[in-house]
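Here's the letter readout for the chains.
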Amino acid sequence: MKCNIPKRLVLSVIFLLTCIIVAAQEKQSLTLEDIFENDIFFQYDISNIKWMKDGRHYTSVIPDDTAYYEHILRYAASSGEMVDTLVNGAKLIPGEEPYALVFNDYHLSPNEKLVLFATEQEPIYRRSKRAYYYLYDIDKDSFQSLAGGGKQSYATFSPDGNKVAFVRDNNLFYVTLDDMHVQKVTEDGIFNKLIHGSADWVYEEEFSFAKAFFWSPDSEKLAFLSFDESAVKEYNMQLWNEVYPEDYRFKYPKAGEQNSVVNLSVYHLAEDKKIKVDVGDETDMYIPRVEWTQNPDVLSFIRMNRLQNQMELVHAHASSGESKVVLKETADTYVDIEFNDNLAYLEDDKHFIMSSERSGFKHLYLYTMAGEIVRQITEGNWEVSELLGVDEQRSLVYYTSTEVSPLERHLYSIDFKGKKKRKLSEEPGTYDANFSPTHQFYIRKYSSAHTPRQVSLHEAPSGKLIRVLEENKELQETVQKYQLGSKEFFTFRNTEDTLLYGYMIKPADFNPSREYPVLMYVYGGPGSQLVQDSWMSDRDLWHHYLTQQGYIVACIDNRGTGGRGKNFKHATYGQLGKYEVQDQIDGARYLSKLPFVDPDRVGIWGWSYGGYMSSLALFVGNGVFKTAIAVAPVTNWRFYDTIYTERFLQTPQLNPEGYDAYSPLSHADKLEGNFLLIHGTGDDNVHVQNSLMLQDALISAGKQFDSFFYPNRNHGIYGGNTRLHLFRMMTSFLEDKL
């Protein structure tokens, strides 16, 4: 039977279907509200994972269906399945209040019968914080405050689980849990004069630790650092809240100025006695790391000279305080303290594993306790990024490295003899891992430029996948709905024929016959790396937003950045700004020659060290860059702290030319393009003084520019709608000026 359908109806149906298909294929455009307010690109993780001592279970914090409570659940590593509820959040009710405890962090006691909760946590500086701590007895279902007298910092169980040490008001205390007695270890700590058990500002910022006390393995001793900062000059930061601004003064040693005098002591609990450790006769030095060896009578610490070109690993006897140097390294430039995090004392109490750049690349070495090299464990023209674990039972070391590419971080195992190396990661990208105490299992995290965070549970040493814990499917689906370009990696050679890595984000509707303006994003500081195959941050999302407005965004890692060996990283020593900025200028010229780039519309922006770079690039590279934005920049290294600055420049007294030759203040008269300067007035790290002095130099030179200050905001410039305001302002500036 023949069915006659009117041609007009057929065409109408085809048109309707076409419209439906086109509508389905249309992508949404990003908005700044999507990125900085609605947070629709939130990347999930597995919250607060903590391994249990048996190595076969781990805990994680999970909210219940009502979202009123958070529970601590126990999981079996062999399956990844939830076994039981270790702590029911609904039972955590302090005092008589009818509401459940909201906790910021938790720690299990060594016997896993007690839980220490941190509540009402507040930041002090970047890594320091204070909180109220509560103890919860799982079996007794009892709940009590750790100690009265106000908030504490860094509450930590002793290895035997019978005591908790903490810091309050610059003094060190411990609590005996059987009777909840609070014992003072020190009592002469005074704000801005003497600190016990906590790091001072510059140690916290540059040596990356705030807690400065350490339980011995036998729980009978507490080692702790003391910082006499009475001779350190104060920085005065005004807080703009009331009719009269409030002065906040804190000790901040600027380059070339007086540091704290640091001492190391061991407190013996039973005798209520402090033994001062022999740290040497030189007081103008650093102790950036302290830890106990496997022997509870031997304390290990690292000592560095003021210029940080000499590192000594020292072992001290806890009872006498006598010390002995077991390992020493020197350099013409500096010994990178970051590698000293890769230090592990073995349970045999005869060896330790430590990394070194002695070969020109950061690698792992096996030493005797006397500091003699047994062998180099890893080797090659690539770097070990992080030592993740040491499985002594199987004589295996786990680490991440740049062996595949400087742009990637892959996971490996290798035996103590440097043999049987095995790659435990597959796809290109960036990997990290958290190993169980027994090294039978590990939780692996992975992302790439095109794949958000993937969290999975694996068996060790085989690497066998047990279970995927988080895939971020919702985020992947969200990304697919938006009109985002892709991140493309590229290489080029600078004017000195050095190979440099970069990436470029083009508009999703990129047309190679068009000419696009380019905004370069820069950080560029020593050992840093922006050009890496990993998932995007909110700044990357803003860059994608800019591509929708018709820009190309590019980023280049200059000489001095990390992942490529000692010579590449140390190339900028003694003259920060010289080679880094030249590489950014060379990069801008390389991009300008591409057929789809408008050579008259190249801009650059950066934050912190990146703000230093973007300012200097615009001034020195006038005619190359049309526009620059500098957020919280260092404008003269004389204004920055001792540890960071002197590591790369020596002191101003020894190297004045290195401080002044490439200071933006010295080149302010060269400004020819459009410049936006932004800073938070509450920045305790890179002080607003830097931007005010640059303003003054530009005014003196008769240069016009734009600037904006965020009242009381710190170095991160955030809080409320601050980030949305900031990036909306920068977007408007680029639309007008680039």
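Not measured: the values here are computed from a predicted model. (Residues numbered from 1 in each chain as written. Predicted model: local features only at pLDDT ≥ 70, side-chain atom pairs only at ≥ 80, totals over all residues. Heavy atoms only, no water.)

Caption draft 1: Quick peek at the sheet that holds strand β7 (residues 129-137). Strands sit in the order β5-β6-β7-β8 across an open sheet of 4 strands; the sheet is antiparallel. The open sheet terminates on both sides in strands that have one partner only, identified here as β5 (103-108) and β8 (142-145). For this sheet the average axis-to-axis angle between neighbouring strands, irrespective of direction, equals 25 degrees. (Pairing = 2+ DSSP bridges. Helix = DSSP H or I, 4+ residues; strand = E, 2+ residues; numbered from the N terminus. Axes fitted to C-alpha atoms, helices over the stretch in contact; angles between N-to-C directions.)

Caption draft 2: Summary view of the environment of Asn-171. Summarising the element assignment, Asn-171 is placed in strand β11 (residues 171-176). Along the chain, Asn-171 and Ser-198 lie 27 residues apart, while their C-alpha atoms are 8.4 Å from each other. The contact partners of Asn-171, leaving out residues within four places of it in the chain, are Phe-166, Thr-186, Glu-187, Asp-188, Gly-189 and His-196. Looking at Asn-171, its side chain comes within polar contact range of the main-chain nitrogen of Glu-187, at 3.3 Å. Separated by 2.9 Å, the side chain of Asn-171 and the backbone nitrogen of Gly-189 make a polar contact. (Contact = heavy atoms within 4.5 Å. Polar contact = N/O pair within 3.5 Å; in protein donor to acceptor, adjacent residues only side chain to side chain.)

Caption draft 3: Quick peek at the confidence of the model for the chain. This prediction gives the chain a mean pLDDT of 93; 95% of its residues lie at or above 70. Note that residues 1-24 has pLDDT below 50 and, in this model, 1 contact with residues that lie over four places away or in other chains. (pLDDT = per-residue confidence, 0-100.)

Caption draft 4: Structural context of the pairing of strand β18 (residues 261-268). β18 sits mainly inside the fold: 6 of its 8 residues count as buried. The sheet contact formed by strand β15 (residues 221-228) and β18 spans 8 bridges and is antiparallel. Bridge pairing in β18 links Phe-227 to Val-262. Pairing of β18 with strand β19 (residues 273-276), which is carried by 4 bridges, proceeds in the antiparallel orientation. The residue bridging Ser-265 from the neighbouring strand is Lys-276, located in β19. Two successive antiparallel strands, β18 and β19, enclose a turn made up of 4 residues, where Asp-272 displays a positive phi of approximately 50 degrees. (Buried < 20%, exposed > 50% of the residue type's maximum accessible area, 1.4 Å probe, protein only.)

Caption draft 5: Just the packing of helix α7 (residues 578-592) against helix α8 (residues 609-620), in detail. At their nearest, the axes of α7 and α8 sit 10 Å apart, and the two run at 65 degrees to each other. Two packed elements cross with a definite hand, and for α7 against α8 that hand is right-handed. Across from Glu-580, Val-581, Gln-584 and Ile-585 in α7, the residues of α8 making contact are Tyr-609, Met-613, Leu-616, Ala-617 and Val-620. Tallied by class, residues from the contact of α7 with α8 come to 7 nonpolar, 1 polar and 1 charged. (Left-handed = near helix turned anticlockwise from the far one by under 90°. Nonpolar A, V, L, I, M, F, W, Y, C, P; charged D, E, K, R; others polar.)

Caption draft 6: Inspection of the pattern of salt bridges at higher detail. Under the defined criterion, the tally for this structure stands at 35 salt bridges. Between Lys-421 and Glu-403 there is a salt bridge whose closest N-O contact spans 3.0 Å. You can see Lys-421 sitting in the loop between β30 (410-415) and β31 (422-423) and its partner Glu-403 sitting in the loop between β29 (396-401) and β30, a full 18 residues away along the chain. The class of Glu-403 is partly exposed, set by a relative accessible area of 30%. Notably, a salt bridge pairs Asp-583 with Arg-559, separated by 2.9 Å at the nearest N-O pair. Taken together, the residues span a long stretch of sequence, with Asp-583 in helix α7 and Arg-559 in the loop between β39 (552-557) and α6 (566-569) at a distance of 24 residues. Using a relative accessible area of 0% as the deciding quantity, one classes Asp-583 as buried. Put simply, Asp-45, Lys-445 and Arg-453 are held in one network by salt bridges that share partners. (Salt bridge = Lys/Arg side-chain N within 4 Å of Asp/Glu carboxyl O.)

Caption draft 7: Region of the structure containing the environment of Met-311. Within the secondary structure, Met-311 is located in strand β22 (residues 310-317). Given the relative accessible area of 0%, Met-311 is considered buried. Through-space distance from the C-alpha of Met-311 to that of Pro-296 is 24 Å; in sequence the pair is 15 residues apart.

Caption draft 8: Up close: the sheet that holds β22. In space, the 4 strands of this open sheet follow the order β20-β21-β22-β23, with antiparallel pairing throughout. Across the chains shown, the open sheet's two edge strands, defined by having one partner strand only, are β20 (285-292) and β23 (323-330). Here the average twist between neighbouring strands, direction ignored, is 20 degrees.

Caption draft 9: How the structure looks around the side chain of His-196. With respect to the helices and strands, the residue His-196 is situated in strand β13 (residues 194-196). Note on His-196: relative accessible area 7%, which makes it buried. Looking at His-196, its side chain comes within polar contact range of the side chain of Ser-226, at 2.6 Å.

Caption draft 10: Expanded view of helix α4 (residues 473-480). Inspection of α4 places Leu-475, Thr-478 and Val-479 among the buried residues, and these make up the whole buried set. Across the axial projection of α4, the buried residues extend over an arc of 100 degrees, all falling on one side. For α4, the exposed residues set more than 90 degrees away from the buried face come down to Lys-473, Glu-474, Glu-477 and Gln-480. Looking at the buried residues of α4, the elements they touch are β34 (451-459). (Arc of directions from axis to C-beta.)

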